[in-house]
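Tertiary structure, described
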Amino acid sequence: MQFIDLQAQQARIRERIDRRIASVLDHGIYIMGPEVAELERALAAFCGAKYCITCANGTDALQLALMALGVGTNDAVFVPSFTFAASAEVVPVVGAVPVFVDIELESYNMSPASLARAVDLARAQGLRPAAVMPVDLFGRPADYASLQKVASANDMSVIADSAQGWGATHKCQMTGTFGDITTTSFFPAKPLGCYGDGGALFTDNPEIATVLDSLRVHGKGTEKYDNVRIGVNSRLDTIQAAVLLEKLEIFADEIEARNMIARRYHDAIGNEFVKPTLPAETRSTWAQYTLRAESGTHRATTMERLKSDNIPVGIYYPKPLHQQNAYSGFPTDPDGLANSEIASSTVLSLPMSAYLEEADQDVVIASLRATRR
Ligand SMILES: *Cc1c(COP(=O)(O)O)cnc(C)c1O
């Protein structure tokens, strides 16, 4: 059993991917070939955003978003502590200060109340609240309606980090259309992944789209050797775009399959674990199916049992960012980040992919049932 089964997906579309890659080899335009623009149109259409700009990876996408919004020195950018390091690392890279915000335990996503406290603290420290970067953790859209209120009240931009949640929906609206800019990652293990590194940004704002298009190619102007701003080199390879075009064709179907597996897990796993739930009219991409054990000890015994049954499990994330050496010096919600700490010490993620067979799901379920506290 695989934690995320990429081989089964490849077997399903191998011929089509081979053909797509062969056609890139035939035309030979490896950088910014026609597949890149074709993919950007397809991705924008899929989620309903006006513009899509692809780039080299999901971390660059976050950095490009901050650069496009002019975030820099003396600016505070609010990020959750319970997330992957990329969420925070791009902030000091552009010269701004990450301020860590707590999560809500039922969603694992940024808490609007904690955000409000963190904004007040940042202002008291002489920083300008510039942007908030909520994460759609494990595939569930963040509470954008509430976060947007805090952002608007403080004149901040919203950059939605949907590396795990692109393709999820809330009230008929798909991720990619929340906030001023949405970013995603095509790292192979993400719900929509390529065969290397890749990323993308989405926006409805034509000026932001133009600036992003320039920033990813060295700050180009009307042509390549005309540089109008300081940019970076962050393009999506044509071959990766070709792979993604074929993967996008089956993505909706895969989200459906993941949701069925999540439902099956939910119905069969006992209440000694806190199972993930979704608000009404919300659909997750289930980047991870994450349980919370009653304690660190309960998690340890559960993981031991799963491992002895040869079931791959993961902990996302074992240490909140505000406790990591690289980030412990940055400001946090003055009331503390208790939920981030609880989550880090008790969560565990089960095997999940569109191709996880029912027999394997049953093995996971049986192993969890057999675990005694
Ligand atoms: C994976 C991930 C990223 C970074 O994506 P890369 O393509 O690996 O750079 C950023 N944020 C979150 C929440 C992620 O899960």
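Residues numbered from 1 in each chain as written. Predicted model: local features only at pLDDT ≥ 70, side-chain atom pairs only at ≥ 80, totals over all residues. Heavy atoms only, no water.

Some details on helix α7 (residues 206-215)
Owing to its 3.6 residues per turn, the α-helix aligns residues three or four sequence positions apart on the same side. I208, A209, L212, S214 and L215 are the residues of α7 that are buried. Elements that come into contact with the buried residues of α7 comprise β1 (51-55), α3 (58-68), β8 (181-185) and β9 (199-203). (Buried < 20%, exposed > 50% of the residue type's maximum accessible area, 1.4 Å probe, protein only. Helix = DSSP H or I, 4+ residues; strand = E, 2+ residues; numbered from the N terminus. Contact = heavy atoms within 4.5 Å.)

Digging into the site of the ligand
Taken together, 14 residues sit near the ligand, with G58, T59, D161, S185 and K190 positioned nearest. In this structure, an oxygen atom belonging to the ligand sits 2.7 Å away from a main-chain N or O atom of G58. A distance of 2.8 Å separates an oxygen atom of the ligand from a polar atom in the side chain of Q164. In the complex, 93% of the free accessible area of the ligand, which totals 390 Å², lies under the protein chains. Breaking the shell around the ligand down by element, the ones donating at least two residues are α3 and α4 (86-93). The class makeup of the residues in the shell around the ligand is 4 nonpolar, 8 polar and 2 charged. (Near = heavy atom within 4 Å. Polar contact = N/O pair within 3.5 Å; in protein donor to acceptor, adjacent residues only side chain to side chain. Areas by Shrake-Rupley, 256 points an atom, 1.4 Å probe, with all protein chains shown as cover. Nonpolar A, V, L, I, M, F, W, Y, C, P; charged D, E, K, R; others polar.)

Here's the deal with the sheet that holds strand β7 (residues 173-174)
Taken together, 3 strands build an open sheet; the order of strands is β7-β6-β10 and the sheet is antiparallel. Two strands bound the open sheet, and with one partner strand each, they are β7 and β10 (282-283). (Pairing = 2+ DSSP bridges.)

Considerations on a nonpolar patch on the surface
Together, L25, Y30, I31 and M32 make up an exposed nonpolar region whose accessible area comes to about 370 Å². Relative to the assigned elements, I31 resides in the loop between α1 (6-27) and α2 (34-47). (Patch = residues over 30% accessible without salt bridge, like charges linked within 9 Å, V, L, I, M, F, W, Y side chains within 5 Å. Salt bridge = Lys/Arg side-chain N within 4 Å of Asp/Glu carboxyl O.)

Overview of the sheet that holds β9
Taken in spatial order, the 7 strands line up as β1-β9-β8-β5-β4-β2-β3 in an open sheet, and their pairing is mixed. Only two strands of the sheet have a single partner each, and these edge strands are β1 and β3 (97-101). Within this sheet the neighbouring strands show an average axis-to-axis angle of 30 degrees, counted without direction. Two strands pair when backbone bridges link them, and strand β2 (residues 75-80) and strand β4 (residues 128-132) are joined in this way by 4 bridges, in the parallel orientation. Paired with A76 across the bridge in β4 is P129. In the packing of α3 onto the sheet, contacts are made with β1, β2, β5 (157-161), β8 and β9, and the angle to β8 comes to roughly 160 degrees. (Axes fitted to C-alpha atoms, helices over the stretch in contact; angles between N-to-C directions.)

Concerning the packing of helix α9 (residues 251-268) against helix α12 (residues 358-370)
Running from N to C, α9 and α12 cross one another at 30 degrees; their axes reach a closest spacing of 10 Å. With respect to each other, α9 and α12 are oriented roughly parallel. The element α9 and its partner α12 pack so that their crossing is right-handed. On the side of α9, the interface is formed by I261, R264, Y265 and A268, while α12 contributes E358, Q361, D362, V364, I365 and R369. Residue classes in the contact of α9 with α12 are distributed as 5 nonpolar, 1 polar and 4 charged. (Parallel < 35°, antiparallel > 145°, perpendicular 65-115°, else oblique. Left-handed = near helix turned anticlockwise from the far one by under 90°.)

Some details on the pattern of salt bridges
Applying the stated criterion across every chain, the model contains 16 salt bridges. A salt bridge links E358 to R264, with the shortest nitrogen-to-oxygen separation between them at 3.8 Å. Taken together, the residues span a long stretch of sequence, with E358 in helix α12 and R264 in helix α9 at a distance of 94 residues. Ionic pairing is found between R305 and D309, a salt bridge with its closest N-O pair at 3.2 Å. According to the relative accessible area criterion, R305 is partly exposed, its value standing at 33%. We classify D309 as partly exposed; its relative accessible area is 29%. Residues joined by salt bridges that share partners form a network here, namely R16, R20, E38 and E246.

Considering α2
In this model α2 runs 21 Å from its N-terminal to its C-terminal C-alpha over 14 residues, within 8% of the 20 Å that 1.5 Å per residue would give. Here α2 has its buried residues at E35, V36, L39, E40, L43, A44 and C47. When α2 is viewed along its axis, its buried side chains cluster within an angular range of 165 degrees and face the same direction. Turned more than 90 degrees off the buried face of α2, the exposed positions are R41 and A45. At its buried positions, α2 is contacted by α1, β1, β7, β9 and α8 (238-249). (Expected span 1.5 Å × (residues − 1). Arc of directions from axis to C-beta.)

Notes on the nonpolar core
Counting residues in hydrophobic clusters, the biggest one holds 30 residues, and the most contacted among them are L66, V77, V91, M133 and L201. Only β1, α3, β2, α4, β4 and α7 provide two or more residues apiece to this core. No other element matches the 6 residues that α3 contributes to this core. Those residues in contact with V91 that lie beyond four places of it in its chain are L66, V77, V79, A96, V97, P98 and M133. (Core = buried A, V, L, I, M, F, W, Y, C linked by side-chain atoms within 4.5 Å.)

Looking at the packing of aromatic side chains
The final tally for this structure, using the stated rule, is 16 aromatic pairs. Note on F100 and Y327: the rings are 6.0 Å apart at their centroids and 85 degrees apart in plane angle, and the pair reads as edge-to-face. Here the residue F100 occupies a position in strand β3, and Y327 occupies one in the loop between α10 (296-308) and α11 (338-346), the gap between them amounting to 227 residues. Each member of the pair, F100 together with Y327, is buried. Pairwise contacts between aromatic rings join F3, F82, F84, Y108, F138, Y316 and Y317 into one cluster. Stacked on the ring of F84, the Lys or Arg K190 has its end atom at 5.8 Å from the ring centre. (Phe/Tyr/Trp six-rings, centres within 6.5 Å; stacked < 30°, edge-to-face > 60°. Lys NZ or Arg CZ within 6 Å of the ring centre and 35° of its normal.)

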